[in-house]
Amino acid sequence: MSATRYTYLGPEGTFTEAALRTLPEAATRELAPMVSVPAALDAVRSGEAAAALVPIENSVEGGVTATLDELASGEPLMIYREVLLPITFALLVRPGTELSAVKTVTGHPVAQPQVRNWLRAHLPDAVWESAASNADGARLVRDGRYDAAFAGEFAAARYGLEPLVTEIHDAQNAETRFVLVGRPARPAAPTGADKTSVVIWQRDDHPGALLELLQEFAVRGVNLMLLQSRPTGAGIGNYCFAIDAEGHISDRRVGEALTGLKRICPEVRFLGSYPRAGVTPGEVSAPRPGTSDGDFTAASDWLARCQDGRV
């Protein structure tokens, strides 16, 4: 395995690369762009890379389905950290291009909902075609395939383009969450501001099936931060669920919730417990009464006394 190689969704100049370069260890790693999320993660599975950084959630568009589906299938991988990156787009064009000359535009499919209103107001007749990534869109503009691309302003110089318009975003404070993914290992110690990610499958489809799964978290006071259904490929109506829960697997309430899910689900895939980006332990609300580790320990001690006749 290459311990010094990190892959990411390329080509060079993507928001994913920008997010990866915010990690301190990126300065000492070989950063290798890949053509797709599956390719970046497969390099980790094969041992060609120690880790991969990929987008997993956008504050406007929601979950990144390519990443969620790839983590839910194939050889298991684990999330070790997350990165939040503010997202604002620039309209990149070949030098000398005026806005009135832009008839075709491109960018990653996740970018389109974030600039839809701007497009409607400023380029209502422009034809949108999706690219593999925003940086790949910039490359296609450089090569003459399209008139303009929505990408990070930082990608302009790399592809010999100019930012015709900057600071484009339909939603204020838009951001994308990226995750650093490696091969399974023991999760890092809890920090007090953690997140646990899993994918779960229903045993069968019946009234209240999803409620039964969610109750495993609710009755233990575990807050859910993401819940997204994804088709399993086994037919219409067959879904698995990607879940981010507040807390660490070593927290009693989280561990018992996962144990409960394992009892009633045919499959539970643990994707990792890792620090939440941009959150300190002091900003995390205390567990509600009855759900702290101390409460679980006290309840277990009480049960042991009852079983021993020490009521």
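Given the structure is predicted, the values throughout are model-derived calculations rather than measurements. (Residues numbered from 1 in each chain as written. Predicted model: local features only at pLDDT ≥ 70, side-chain atom pairs only at ≥ 80, totals over all residues. Heavy atoms only, no water.)

## Side note on the domain arrangement of the chain
Move 1: The domains assigned to the chain are domain 1 (1–87 + 169–185), domain 2 (89–168) and domain 3 (186–311).
Move 2: A straight line from the C-alpha centre of domain 1 to that of domain 2 covers 23 Å.
Move 3: With 16 residues of domain 1 at the contact, the number on the domain 2 side is 21 residues.
Move 4: Interface of domain 1 and domain 2: buried area, both sides summed, is about 1,500 Å²; carbon and sulfur atoms make up 59% of it.
Move 5: When the area that domain 1 buries against domain 2 is broken down by residue, the three leading residues are F15, H169 and D170, summing to 37%.
Move 6: Connecting domain 1 to domain 2 are one salt bridge.
Move 7: Our enumeration of links across domain 1 and domain 2 arrives at eight residue pairs in polar contact (both at pLDDT 80 or more).
Move 8: Counting residues per element, the side of domain 1 that touches domain 2 draws most heavily on helix α1 (residues 15–20), at three residues. (Domains from an automatic or database assignment. Contact = heavy atoms within 4.5 Å. Buried area = accessible area lost by both parts, 1.4 Å probe. Salt bridge = Lys/Arg side-chain N within 4 Å of Asp/Glu carboxyl O. Polar contact = N/O pair within 3.5 Å; in protein donor to acceptor, adjacent residues only side chain to side chain. Helix = DSSP H or I, 4+ residues; strand = E, 2+ residues; numbered from the N terminus.)

## Re the environment of R310
Move 1: Relative to the elements of secondary structure, R310 occurs in the segment after α9 (293–307).
Move 2: When its relative accessible area of 47% is taken as the criterion, R310 is described as partly exposed.
Move 3: In contact with R310, other than residues within four places in its own chain, are A304 and R305.
Move 4: Of the polar contacts made by the side chain of R310, one reaches the side chain of D308; its length is 3.3 Å. (Buried < 20%, exposed > 50% of the residue type's maximum accessible area, 1.4 Å probe, protein only.)

## Overview of the nonpolar core
Move 1: Residues L53, F89, V105, L123 and F150 are the most contacted members of the largest nonpolar core, which totals 30 residues.
Move 2: Contributions of two or more residues to this core are made by β1 (5–9), α1, β3 (51–58), β5 (78–86), β6 (89–93), α4 (112–122), β9 (148–151) and β11 (175–182).
Move 3: Each of domain 1 (1–87 + 169–185) and domain 2 (89–168) contributes no fewer than three residues to this core.
Move 4: The contacts of V105, once residues within four sequence positions are left out, are L119, L123, A126, V127, W128, E129, Y146, A148 and F150. (Core = buried A, V, L, I, M, F, W, Y, C linked by side-chain atoms within 4.5 Å.)

## Structural notes on the sheet that holds strand β7 (residues 104–107)
Move 1: Pairing is mixed across the open sheet formed by five strands, whose spatial order is β8-β7-β9-β6-β10. In this open sheet, the two strands that pair with only one neighbour each are β8 (127–130) and β10 (162–168). The sheet shows a mean angle of 25° between the axes of neighbouring strands, direction not considered.
Move 2: As paired strands, β7 and β9 are joined by two bridges and run parallel to one another. Within β9, the residue paired with T106 across the bridge is A149.
Move 3: Strands in contact with helix α5 (residues 134–142) are β6, β7 and β9; relative to β9, the strand with the most contacts, it is inclined by about 160°. (Pairing = 2+ DSSP bridges. Axes fitted to C-alpha atoms, helices over the stretch in contact; angles between N-to-C directions.)

## Observations regarding the packing of helix α8 (residues 252–264) against α9
Think of two packed helices as two axes; the pair is described by the angle between the axes and how far apart they sit.
Move 1: Running from N to C, α8 and α9 cross one another at 65°; their axes reach a closest spacing of 8 Å. Across the interface between the two elements, R252, R253 and E256 of α8 pack against D293, F296, T297 and S300 of α9.
Move 2: When grouped by side-chain class, the residues that make up the contact of α8 with α9 number one nonpolar, two polar and four charged. (Nonpolar A, V, L, I, M, F, W, Y, C, P; charged D, E, K, R; others polar.)

## With respect to the environment of P76
Move 1: Here P76 lies in the loop between α3 (65–72) and β5.
Move 2: In the structure, P76 is positioned 42 residues away from M34 in sequence and 20 Å away in space, judged by C-alpha atoms.
Move 3: Apart from the residues within four sequence positions on either side, P76 is in contact with P184 and R269.

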